[in-house]
Amino acid sequence: MPAGVYWQFEFLNFELVLFRADKLSTLFGYIFHIAALLAFIYSLHERDTLQYTAGMLYIGSALGAVFAGDLLTLFIFWELLAVSSVFLIWARKSRRAYVAGLRYFTFHILSGLLLLAGIVIHSRMVGSFEFTYIGLQQPYTWLIFLAFGIKSAFPFVHNWLTDAYPESTPVGTVFLSAFTTKVAIYALARSFPGTELLVYIGAAMTCFPIFFAVIENDLRRVLAYSLINQLGFMVVGIGIGTALAINGAVAHAFNDVIFKGLLFMAMGAVLHMTGRVNGSELGGLYKTMPKTTALCIVGAASISAFPLFSGFVSKSMVMSAALDSGYDGIWLMLLFASAGVFHHAGIKIPYFAFFAHDAGIRAGEPPGNMLTAMFIAATLCVLVGVFPQALYRLLPYDTVYSPYDTTHVLTQLQLLFFSALAFVWLNLMRLYPPELASVNLDVEWLYRRVLPRLSQRCLNLIWRLDAGLRRSLQRGWQKASERIATLQQSPGILGQDGSTSGTVTWVTVLLAAYLFLSFI
Amino acid sequence: MSGNKHYLFDNPDNIKKILRALYICCAILFGLDFILHRHTEHLWEKAPVFYPLYGFVGCVVLVLVAKWMRKG
């Protein structure tokens, strides 16, 4: 479909554009179609209608959101993304998946509400629903920024991702990893390019998850942390806002969908075949799953940005842009994050799943459709890595960039090989933390531990106050009743017999008082 | 018998070979830093063996801090 806007109509004096195709939205359209194809091939062995239906709706919502030309259409697909994707989590049909899905849904509804509030104010201020550059110049635009931020897994609002994605089915996680966060990245690239705050938020996103990924036992949760790390690179690129940086950010989003999808597929295959996905329970699977092992290693090499693999040709764009724009400190953080991602996603995932100690599991290769999907993804990782210009031609801005020069290749190889050396050294020195069957909480500790305990204490205090108040009221009432009863007995004032005239006098006085009060 | 089948890394010599290959690659990359000209932009990049050191030290710090976090 040629670039342009389609399906425009008037709604409440506002112009709605249901479909807008330009280089930015078309690139995301391509990658979402590729991701959809991979996910459906991967799920062909499933006989679960719920997952297929939810998956189709989810993909459609993501495509609707990236091709939306106005904010109202974006909002509708934004909400549909949340509603359709939560069923992919609940499809696991476990208690853990159910509660994780509820927490996931709460975050996304909050994001939707913020977006709606922001859109309403924004449209009144600018007189248009157009989905274009918004920026942070006006206070109300923070609502939209935060809405995008929740879906992009900004620090402190990222837990829906690490909490819910690993609880989904093997197929569901492959779907989930591709769409929600990339729609948010697209929205940020569309509405907040060059917002400096994003550089710092993105840098934090690249660094903090890698610490949690190192100690995490659930290998799909390790990948979820790694997903936030990769999103950080994209957010930094959008924040820098130069042509090279934006190109790097969206190129990395493109590559991330494929290599992260491949890694989630590999771990999903392990879960499907062994029923386990914790590092402490796995190991030695290369013996009976050699094809899955090889395909996982391709994904690991891609996410680690090894030369000739896809991650290298896009991550280096963001890092070059950071240096070009004078963000030296940020560049050092990105460099640290690059070494870290190799450590936890490049080495840890394949090592603990397929090598390490032999757990004695002799599971075979996954079904042919799963292998086919992984093979296509791995092929794309290599093709993009070897022929990056094919991807560069699709990028929104025309810039000249070549990742394969001596400096880039040498420095990246030095960084990665010496990171691998550190892994070996730490293992030989027995300093590497062993995989333990544990649950690690990060910021979610606040709302999964502190908040419930705090609210429990508050409720206990309220119950105690309530009980004390009731007791004192009961005592007061009892005393008053006793006093009235005393007064009603013969010596009491109420127990005395009064004359009829006296009673009439008192009634007259009362009525007169009422009459007097009515005039005030 | 499949139970007695020996796989690639059941033999410790193969693991040693892999590690040796890694050490050799690291040594070559270390040496290349002094031979090849690197185009540098950041002041720290100009330091010899900046990238190897940054990668190694960064990962060691990462793991030790992560270990400390788990204890905490």
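Residues numbered from 1 in each chain as written. Chains lettered and ligands numbered in written order. Predicted model: local features only at pLDDT ≥ 70, side-chain atom pairs only at ≥ 80, totals over all residues.

Counting its secondary structure elements, chain B contains two helices and zero strands. Out of the 72 residues in chain B, the part that is buried amounts to 18%. (Helix = DSSP H or I, 4+ residues; strand = E, 2+ residues; numbered from the N terminus. Buried ≥ 20, exposed ≤ 12 C-beta atoms within 10 Å, placed from the backbone.)

Right, let's get into the overall build of chain A. The helix and strand tally for chain A stands at 19 helices and two strands. Against the compact-globule benchmark of 24 Å for 520 residues, chain A has a radius of gyration of 31 Å, which places it well outside the compact range. Along the three orthogonal principal directions, the C-alpha set of chain A runs to about 115 × 60 × 50 Å. Restricting to contacts in chain A with at least 6 residues of sequence separation, those with at least 24 account for 80%. (Rg over C-alpha atoms; globule rule 2.2 N^0.38 Å. Contact = placed C-beta atoms within 7 Å.)

Phi is positive for Ala153(A), close to 65 degrees, though the residue is something other than glycine. Mapped onto the fold, Ala153(A) is located in the loop between α5 (141-151) and α6 (159-164). Of note, the phi angle at Val49(B) is positive, near 45 degrees, even though the residue is not glycine. Checked against the element boundaries, Val49(B) lands in the loop between α1 (12-35) and α2 (50-71). Residue classification places Val49(B) among the partly exposed positions, given that 15 C-beta atoms sit within 10 Å.

Now for the interface of chain A and chain B. Opposite the 34 residues of chain A that make contact, chain B presents 29 residues. Counting only elements with at least two residues in the side of chain A that touches chain B, the list comes to α9 (196-215), α14 (328-354) and α17 (406-428) of chain A. Considering every element that reaches the side of chain A that touches chain B, the biggest residue donor is α17(A), with 17 residues. In terms of residue class, the side of chain A that touches chain B is made up of 25 nonpolar, seven polar and two charged. (Nonpolar A, V, L, I, M, F, W, Y, C, P; charged D, E, K, R; others polar.)

All names here are of chain A. An ideal rise of 1.5 Å per residue puts 27 Å on 19 residues; helix α15 (residues 368-386) measures up with 27 Å between its terminal C-alpha atoms. Three or more residues of α15 are buried, namely Met370, Ala373, Met374, Ala377, Ala378, Leu380, Cys381, Val384 and Gly385. Taken down its axis, α15 places every buried residue within 155 degrees of arc, on the same side. At its buried positions, α15 is contacted by α1 (23-42), α11 (243-274), α12 (290-303), α13 (310-324) and α16 (388-392). (Expected span 1.5 Å × (residues − 1). Arc of directions from axis to C-beta.)

Moving on to the packing of α14(A) against α2(B). The interhelical angle for the contact between α14(A) and α2(B), taken along N-to-C directions, is 65 degrees, at an axis separation of 9 Å. As judged from the angle between their axes, α14(A) and α2(B) are roughly perpendicular. Once α14(A) is placed against α2(B), the crossing between them reads as right-handed. Contacts from Leu335(A), Phe336(A), Ala339(A), Gly340(A) and His343(A) in α14(A) reach Tyr54(B), Gly55(B), Gly58(B), Cys59(B) and Leu62(B) in α2(B). When grouped by side-chain class, the residues that make up the contact of α14(A) with α2(B) number six nonpolar, four polar and no charged. (Axes fitted to C-alpha atoms, helices over the stretch in contact; angles between N-to-C directions. Parallel < 35°, antiparallel > 145°, perpendicular 65-115°, else oblique. Left-handed = near helix turned anticlockwise from the far one by under 90°.)

All names here are of chain A. Residue position: Val409 is located in helix α17. With 97 residues separating them in the primary sequence, Val409 and Phe312 have C-alpha atoms 9.0 Å apart. Beyond its immediate sequence surroundings of up to four residues, Val409 is in contact with Pro307 and Tyr404.

Shape descriptors only; they carry no functional weight alone.
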